[in-house]
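Commentary on secondary and tertiary structure
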Amino acid sequence: GWRREEIHFARVSDGQGFDVFPPAAVGAFVGKSKDGKKLHFFHSSFDLQNTFKVVPVSGESAHEVGLSDPSDDPWDHSWTADSSSLAVLATGKNGREQLWSVPVAGGGRVEFNLDLIGTNRLWIWSLSPGCRRVLYQESSSTNQGARKANLYIAPISLKESRATGPGNLVFEGWQNPNPTVAEQVGAWSPDGAQVAMPHQGDQGHEIWILSADGSKPKRIIRTPDKAGSRPQWSPDGRMIAFHLTAPDREMLQVISVEGGIVRTILTTPQGQSVPFAWSPAGQEVVAALDGTITGFPITSGSARIVARLRENGYETPS
């Protein structure tokens, strides 16, 4: 029957049969015990609450941290320097992003006090490394109906769970270059003082460097092609790596944060963008390509295979 499972038994000796009905609120029949005296059923869970845990790298047991709302969907976080707590952005029942301080050892979460930056007009975006700053936007509409926003960066204190000052306007009239993709764009520099931000300009796709102190933003590239929404900073904060999508190909490129010459380090067929990251020393961009993890030098030299995925028990990188 619909949403119910009926089990029929037939006795081999005379063919006499009878039906067994599972208890209410259980799922499908799984099997029977070897002695034939018990039946096993699958019991579905109706607990829709997300569970979030921290796991010590020393091998100790994982334990839950204090995100308790069933609607919580944290998509950004930052640790304190002593790893005692987390700052977490989470979307609650009201659909708004909330910024919380969460003690790792347990206990209730604490909502940040953002009165200094005006919580009624915010769309909180991301946290800087070390949780010293938060990037957020204030939306506005133009006469043409295009959706644009002003971007701000404000100082925050994870220890005090509050904004410690008003936000600095870091970019005016920002427009998402790919509004159909449900992900945050831009990336913080390693020191948390700048943000590399893609922007849909009037003359093409652009990448800008925004400064947390509110100084004038700097455009480092403008292109008719589509720049990726997640540029990545080199570990020393001097270079930016990003995807570029042309009509007939995908490119992995790097450029200095000061602007200048763009270097293409990898080209793939259209629609085949590859996951990538910087090497720890910042001398290579490492990409997942053709079943390998391959390092591509950003100055000179030949590409090298770091690992062959299937030989190490992996199928698909991300």
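Residues numbered from 1 in each chain as written. Predicted model: local features only at pLDDT ≥ 70, side-chain atom pairs only at ≥ 80, totals over all residues. Heavy atoms only, no water.

Considerations on the confidence of the model for the protein
The line we're drawing: The score called pLDDT rates the predictor's confidence residue by residue, from a low of 0 to a high of 100. Counting from the N terminus, the helices are the DSSP runs of H or I reaching at least four residues and the strands are the DSSP runs of E reaching at least two. Whether two residues touch is decided by their heavy atoms; if any such pair falls within 4.5 Å, the residues are in contact.
Averaged over all residues, the pLDDT of the protein equals 80, while 81% of them reach at least 70. When pLDDT is averaged over each helix and strand of the protein, the minimum, 70, is found for strand β3 (residues 29-32) and the maximum, 94, for strand β21 (residues 232-233). Here residues 141-145 scores under 50 on pLDDT; set against residues more than four positions off or in separate chains, the count is 3 contacts.

Thoughts on the nonpolar core
Applicable threshold: Throughout, nonpolar core names a set of buried Ala, Val, Leu, Ile, Met, Phe, Trp, Tyr and Cys residues whose side chains join them through atoms within 4.5 Å. Buried means the residue's accessible area, taken with a 1.4 Å probe over protein chains only, is under 20% of the maximum for its type, while exposed means over 50%, and partly exposed covers the values in between.
Ranked by size, the top nonpolar core spans 16 residues in total, and within it Ala 87, Leu 99, Phe 112, Leu 114, Leu 127, Val 134 and Ile 156 carry the most contacts. Those elements that place two or more of their residues in this core are β8 (85-91), β11 (123-127), β12 (133-141) and β13 (147-157). With 3 residues, the top contributor of residues to this core is β13.

Observations regarding unusual backbone geometry
The backbone of Ser 83 sits at a positive phi, close to 60 degrees, despite the residue not being glycine. Structurally, Ser 83 is set in the loop between β7 (76-79) and β8.

What to know about empty space enclosed by the protein
Test applied: Each cavity reported here is a set of points on a 1 Å grid over the protein atoms alone in which a 1.4 Å probe fits but cannot get out, each pocket an open set with protein on both sides within 12 Å along at least five of seven lines, and each lining residue one with an atom within 4 Å of a point. Grid points are joined across faces, edges and corners, and a volume is the space filled by probe spheres set on the points. Polar here means any residue other than Ala, Val, Leu, Ile, Met, Phe, Trp, Tyr, Cys and Pro, which are nonpolar, and Asp, Glu, Lys and Arg, which are charged; Gly is therefore polar.
Across all of its chains, the model carries 1 cavity of 30 Å³ or more by this definition. Quantified by volume, the largest cavity comes out at close to 40 Å³. Every residue lining the largest cavity is listed: His 243, Glu 250, Met 251, Leu 252, Leu 266, Thr 267, Thr 268, Gln 272, Ser 273 and Val 274. Only β23 (249-256) and β24 (263-269) provide two or more residues apiece to the lining of the largest cavity. Residues that form the lining of the largest cavity fall into these classes: 4 nonpolar, 5 polar and 1 charged.

Description of the pattern of salt bridges
The condition is simple: Any Lys or Arg side-chain nitrogen found within 4 Å of a carboxyl oxygen on Asp or Glu counts as a salt bridge.
On inspection of all chains with the given rule, the structure shows 7 salt bridges. Here Glu 160 ties to Arg 162 by a salt bridge, and the two come within 2.5 Å at their closest N and O atoms. As a salt-bridge pair, Asp 248 and Arg 249 come within 2.8 Å of each other at their nearest N and O atoms. With a relative accessible area of 51%, Asp 248 lands in the exposed category. Overall, Arg 249 belongs to the partly exposed group, its relative accessible area being 33%. Residues joined in a network through salt bridges with shared partners are Glu 206, Arg 219 and Arg 222.

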